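Structural features, examined
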Amino acid sequence: ELSKWRPEVIELWEKCSVPETINKETFQKSFIRHVNTTLARSIYNVDNFSAYQATAHAVRDRLIQRWNETQQIHTERDQKRVYYLSLEFLLGRSLDNALLNLGLKDSFGEGVKELGFKMEDILDQEVDAALGNGGLGRLAACYMDSLATLCYPAWGYGVRYTYGIFQQKIVDGYQDEFPDYWLNFDNPWELPRVDIVVDVQFGGHVNKITEGDKVRHEWIGGETVQAVAYDVPIPGYGVKNCINIRLWNSKPRRKFDFGKFNAGEYDQAVQEQMKAEFLTAVLYPNDNHMVGKELRLKQQYFWVAASLHDIVRRFKKSQRDWNEFPDQVAIQLNDTHPALAIVELQRILVDEERLDWDAAWDIVTHTFAFTNHTVLPEAMEKWPVPMISQLLPRHIQIIFDLNLFFLQRVEKFAPGDRDFLARLSIIEESTPQYVRMAHLAIVGSHRVNGVAKLHSKLIKETIFKDFVKYYGPDKFENKTNGITPRRWLHQANPKLSELITETLGHKDWLKDLTLLKKLEESVHDKEFRRRWMAVKHSNKVRLAEYIRDVVDVDVNPNALFDVQVKRIHEYKRQFMNILGVIHRYNTIKSMSPEQMRDVVPRVVIFGGKAAPGYYIAKLVIKLINSVASVVNKDSTIQDLLKVIFIPDYNVSVAEIIIPASDISQHISTAGTEASGTSNMKFVLNCGLILGTVDGANIEIHEEIGDDNIFMFGHLAEQVDDLRYAHRYRDVPMDPHLDAVIKDIESGSFGEARIFAPLINTLTFGKDYYLISDDFGSYLDAQKLVDEAYKKEKDWVKKSILCTANMGQFSSDRAIKEYAESIWGIIPVKV
Ligand code: Z57
């Protein structure tokens, strides 16, 4: 394609595109040029925000170079690529991360200092890219960091929401939601690709056309929405590779509906157009919960159709045979949200590329793999057949055909077993019928994985049990989640990172986290322990300052910091935590001054958003704040207890909280938290955990050992029986819990009637999450925490051993496993 240019032109291009050397001076030149031209400002009006923008643009210039080189070499080599389809990418801030990954933090830091700014202030100007709810979205972001760092040829595909996850404010103890209009000022971390536009069709009808002995289907009519690509570069750490997340934005077509115009309905025609932009306007704010809104289904198809079009276009450039598609393309489905991609690829191959059905299906099933992230029944996606029929008339036909052929094979496997067929069917035979997206995802994929050992075992034994019978166990795997040590240690906890690097004598641990193991040798070094503790203390001081800023409460950095930050959900049991806090409060209040002297002072810190429609979760927030306002002003307990609810928990707030925790709580009812990933972040940052035998807690326990973790509560295998007992027998409430409930009901924390619906979940609600069953062992475990914290030397040792044994939980390990056993891709280094 170069041949269209004269040699002189090519030479000129090459001469002009020599990358600038990067150092302090060239950065400063670039900074000032961006202030002057990109921002059209001058030395007279550069504030911290402009300084942030200029720095970001200077970094962005370098990212683009690397991005181009990476795309070029990946195209040249034409190796198999992986496409990670995720409706959420919870990236957080980018500037600090890019500076560290590119190794520019020191030189640019010096550079801005000489220009009269503080790097810290500049970094603090950035708004989070919060295009996700919680664990699932943040996992996608960690995986992109690892894919880039390990030099894999990979792309992410997602949606460019105009509004990310809502901002949370606390008013009178209640959560209020505000729109997150994050694109208010320009976003330097995206490259608009106005030339990459895909038409996406909705509605219309299907014509069946018979040509000789063949039939084909033509999907016509309906409305068309355009998808415009916005590219987000993701730099690897310590490598030149820089991969891409392509986010799709919806916009109306330029062509108007002339019919309407001519009829004089100009305003209505414009309104129709505006509806198209609304498609990608907002991220649905539910974590682990399905809400069957039509607009959400439209978002899903819009994103899937645009992404597959892009993937197929890229494949076709290499002029290969369709059979080679699965050798060139792996597509990972992050949950069932993109499950329609399976149907869309089959449609493209059969209707547009005219492959025969079976050949097409063979390609499809060898291309896709599916990650399941939950067993909670309310989170399972299913869409009414009439809704899909309206929106995607050809897709619903394909789904029914796929299901028919699938069930015919199942029938051969289990002749006459109609119940078995009904259980496996992609269609739920209710009125109306529903499409079960998880079943579609399993049938259309060659591999299905869970996200922690226990979870992967549970899906095989429960929700996907019948599929294991039919396919055999080998289609189902475990890929325990991981986190990126670059953001979650190096960036969020610079002091600990520095101490580790100095102690080990290298930075290699950031690319091979198992090297942390060597820190074990230093537990006997008194001076090292002192410095380790000093780092934790200074992180606690930093958090205490943040708490004073946002909630105006003074907390003592010498107290034990006890943290639970995550989405508010009944299964995560923040309710149990605050009930435990009330028990602690009442215990302290009943003490004599002598007894009080033995009490370990505690700061209990909560944070997290509740889905706007989740009434019970919102009441939990109110209860926490009500307890906080009573406890925090009670001088009789001598600052032995403080309760803090940090508003608007998000990625950048997490970066302040996590390094400052002494103990964090991961206390879901056994079997409900698929993995959890913040548990890994806390332990990597040398915080101990108090947890149930659930998700990745179990594997963390295996790695760090009995002495360094506090585990309690019933096991997953006991849950069914316990629930049964609550349902059909009179199970007496745990006595300590009973006392706490009576205290709330007596009005100790404000008007009791407010909390009645919450308390009812324990009584009329049959305590579905087993708070009463676990409360005793929870309080016991808390006692052990207090006792252990009193033995300072042992505590520091435990803390060191935590970090030292977290090697397994790097997202690099997870991504290598996916690459080798599911995707079949190899690194291509720039
Ligand atoms: C979500 O954040 C998770 C699962 C879901 O099905 C949805 Br929808 C959203 C979380 C799990 O709850 C966590 O346990 C897990 O660590 C995380 O996904 C990443 O796998």
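Treat the numbers as computed from the prediction; the structure is a model and nothing was measured. (Residues numbered from 1 in each chain as written. Predicted model: local features only at pLDDT ≥ 70, side-chain atom pairs only at ≥ 80, totals over all residues. Heavy atoms only, no water.)

Quick word on the site of the ligand
Around the ligand, the surrounding shell holds 17 residues, and the nearest of these are Asn288, His373, Asn481, Glu673 and Gly676. Residue Asp335 places a side-chain N or O atom 3.2 Å away from an oxygen atom belonging to the ligand. Ser675 has a polar backbone atom sitting 3.1 Å from an oxygen atom of the ligand. Protein contact buries 96% of the 460 Å² of open area that the ligand shows by itself. In the shell around the ligand, the residues fall into 5 nonpolar, 9 polar and 3 charged. (Near = heavy atom within 4 Å. Polar contact = N/O pair within 3.5 Å; in protein donor to acceptor, adjacent residues only side chain to side chain. Areas by Shrake-Rupley, 256 points an atom, 1.4 Å probe, with all protein chains shown as cover. Nonpolar A, V, L, I, M, F, W, Y, C, P; charged D, E, K, R; others polar.)

Describing the packing of aromatic side chains
Taken as a whole, this structure holds 34 aromatic pairs when the rule is applied. Taken together, a centroid distance of 5.4 Å and an interplanar angle of 40° make the contact between Tyr163 and Tyr181 tilted. Of this pair, Tyr163 sits in the loop between strand E4 (154-159) and strand E5 (167-171) while Tyr181 sits in the loop between strand E6 (174-178) and strand E7 (191-202), and the two are 18 residues apart along the sequence. Through successive ring pairs, a cluster of aromatic residues spans Phe406, Phe413, Phe420, Phe467, Tyr470 and Tyr471. The ring of Tyr230 carries Arg160 above its face, with NZ or CZ at 3.8 Å from the centroid. (Phe/Tyr/Trp six-rings, centres within 6.5 Å; stacked < 30°, edge-to-face > 60°. Helix = DSSP H or I, 4+ residues; strand = E, 2+ residues; numbered from the N terminus. Lys NZ or Arg CZ within 6 Å of the ring centre and 35° of its normal.)

Describing the packing of helix H12 (residues 340-352) against helix H15 (residues 393-413)
Across the interface, H12 lies against H15 with an axial gap of 10 Å and an inter-helix angle of 95°. Judged by the angle between their axes, H12 and H15 are roughly perpendicular. Residues Val343, Glu344, Gln346, Arg347 and Asp351 of H12 form the contact with H15, whose own contacting residues are Arg394, His395, Ile398 and Ile399. Class assignment of the residues belonging to the contact of H12 with H15 gives a composition of 3 nonpolar, 2 polar and 4 charged. (Axes fitted to C-alpha atoms, helices over the stretch in contact; angles between N-to-C directions. Parallel < 35°, antiparallel > 145°, perpendicular 65-115°, else oblique. Contact = heavy atoms within 4.5 Å.)

Quick word on the sheet that holds strand E11 (residues 242-251)
A sheet is described by the order of its strands in space; here 9 strands give the open sequence E7-E10-E11-E4-E1-E12-E13-E17-E18, paired in mixed fashion. Of all strands in the sheet, those bounded by a partner on one side alone are E7 and strand E18 (476-478). Here the strands of the sheet are splayed against their neighbours by 25° on average, with no regard to which way each runs. Bridging between E4 and E11 involves 5 bridges; their strand directions are parallel. Within E11, the residue paired with Val159 across the bridge is Trp248. Packed onto the sheet, helix H10 (residues 294-317) meets strand E1 (81-85), E4, E7, strand E10 (223-235), E11 and strand E12 (329-334) and runs at close to 115° relative to E7. (Pairing = 2+ DSSP bridges.)

So, the environment of Ala544
Counting through the fold element by element, Ala544 comes out in helix H22 (residues 526-551). Overall, the relative accessible area of 10% leaves Ala544 in the buried class. For the pair Ala544 and Val555, spaced 11 residues apart in sequence, the C-alpha separation works out to 5.9 Å. (Buried < 20%, exposed > 50% of the residue type's maximum accessible area, 1.4 Å probe, protein only.)

Regarding helix H7 (residues 135-149)
The end-to-end C-alpha separation of H7 is 21 Å, in line with the 21 Å expected for 15 residues at 1.5 Å each. Burial analysis of H7 places 14 of its 15 residues in the buried class, the great majority of the element. With its phi angle positive at about 65°, Cys151 sits one or two positions after the end of H7. (Expected span 1.5 Å × (residues − 1).)

Remarks on the pattern of salt bridges
Counted by the stated rule, this structure contains 52 salt bridges. Residue Glu353 pairs with Lys316 through a salt bridge whose shortest N-O separation is 2.6 Å. Here Glu353, found in the loop between H12 and helix H13 (357-367), pairs with Lys316, found in helix H10; they are 37 residues apart in sequence, far enough to count as distant. We classify Glu353 as partly exposed; its relative accessible area is 23%. The class for Lys316 is partly exposed, based on a relative accessible area of 40%. Between Asp786 and Arg584 there is a salt bridge, and its shortest N-O distance comes to 2.9 Å. Pair noted here: Asp786 is in helix H32 (residues 771-790) and Arg584 is in helix H23 (residues 574-589), with a separation of 202 residues, a long-range link. Neither residue differs from the other here; Asp786 and Arg584 are each classed as buried. Overlapping salt bridges, with partners in common, bring together Arg193, Asp231, Arg246, Asp310, Arg313 and Arg314 in one network. (Salt bridge = Lys/Arg side-chain N within 4 Å of Asp/Glu carboxyl O.)

What about the state of the cysteines?
Scanning all chains against the criterion turns up 0 disulfides. Between Cys151, a free cysteine, and Cys242, which holds the nearest cysteine sulfur, the sulfur-to-sulfur gap is 11 Å. (Disulfide = S-S within 2.5 Å.)

Section: the side chain of Ser652
Among the structural elements, Ser652 can be located in helix H26 (residues 651-657). Of the polar contacts made by the side chain of Ser652, one reaches the side chain of Asp128; its length is 2.5 Å. Sequence-distant contacts of Ser652, defined by excluding residues within four places in its chain, comprise Arg93 and Asp128.

Some thoughts on the sheet that holds strand E15 (residues 427-428)
Spatial ordering of the open sheet is given by E14-E16-E15, a layout of 3 strands whose pairing is antiparallel. Across the chains shown, the open sheet's two edge strands, defined by having one partner strand only, are strand E14 (382-384) and E15. Bridge count for E14 against strand E16 (residues 434-436) is 3 bridges, and the pairing is antiparallel. From the neighbouring strand, Pro384 faces E16, where its bridge partner is Tyr434.

Digging into the domain arrangement of the protein
Examined at the domain level, the protein breaks down into domain 1 (78-93 + 128-480 + 817-823) and domain 2 (562-809). Put simply, the middle of domain 1 and the middle of domain 2, counted by C-alpha atoms, are 36 Å apart. Residue-level contacts link 35 residues of domain 1 with 38 residues of domain 2. Between domain 1 and domain 2, a total of about 2,800 Å² is buried, with carbon and sulfur atoms accounting for 57% of that surface. Run the count over domain 1 and domain 2 and you get 3 salt bridges. Between Asp172 and Lys622 there is a salt bridge; the shortest N-O distance is 4.0 Å. (Domains from an automatic or database assignment. Buried area = accessible area lost by both parts, 1.4 Å probe.)

Let's talk about unusual backbone geometry
The step from Thr431 to Pro432 runs through a cis peptide bond, and the omega angle for that step is -5°. If you trace the backbone, Pro432 turns up in the loop between E15 and E16. Despite not being glycine, Gln638 has its phi angle at roughly 50°, a positive value. Assessed through its relative accessible area of 48%, Gln638 is described here as partly exposed. The phi angle at Lys766 is positive, at roughly 60°, despite the residue not being glycine. Along the chain, Lys766 turns up in the loop between helix H31 (756-760) and H32.

A word on the pairing of strand E19 (residues 560-565)
Two faces make up the sheet, and in a regular strand the side chains alternate between them. Of all 6 residues making up E19, 6 are buried, and the element is well covered by its neighbours. Burial of E19 is two-sided: the residues Leu560, Asp562 and Gln564 facing one way and the residues Phe561, Val563 and Val565 facing the other way are all buried. Across 6 bridges, the pairing between E19 and strand E20 (residues 602-607) is parallel. By the bridge assignment for E20, Val565 is matched with Gly607. As paired strands, E19 and strand E22 (residues 663-666) are joined by 2 bridges and run parallel to one another. Paired with Val563 across the strands is Ser664, a residue of E22.

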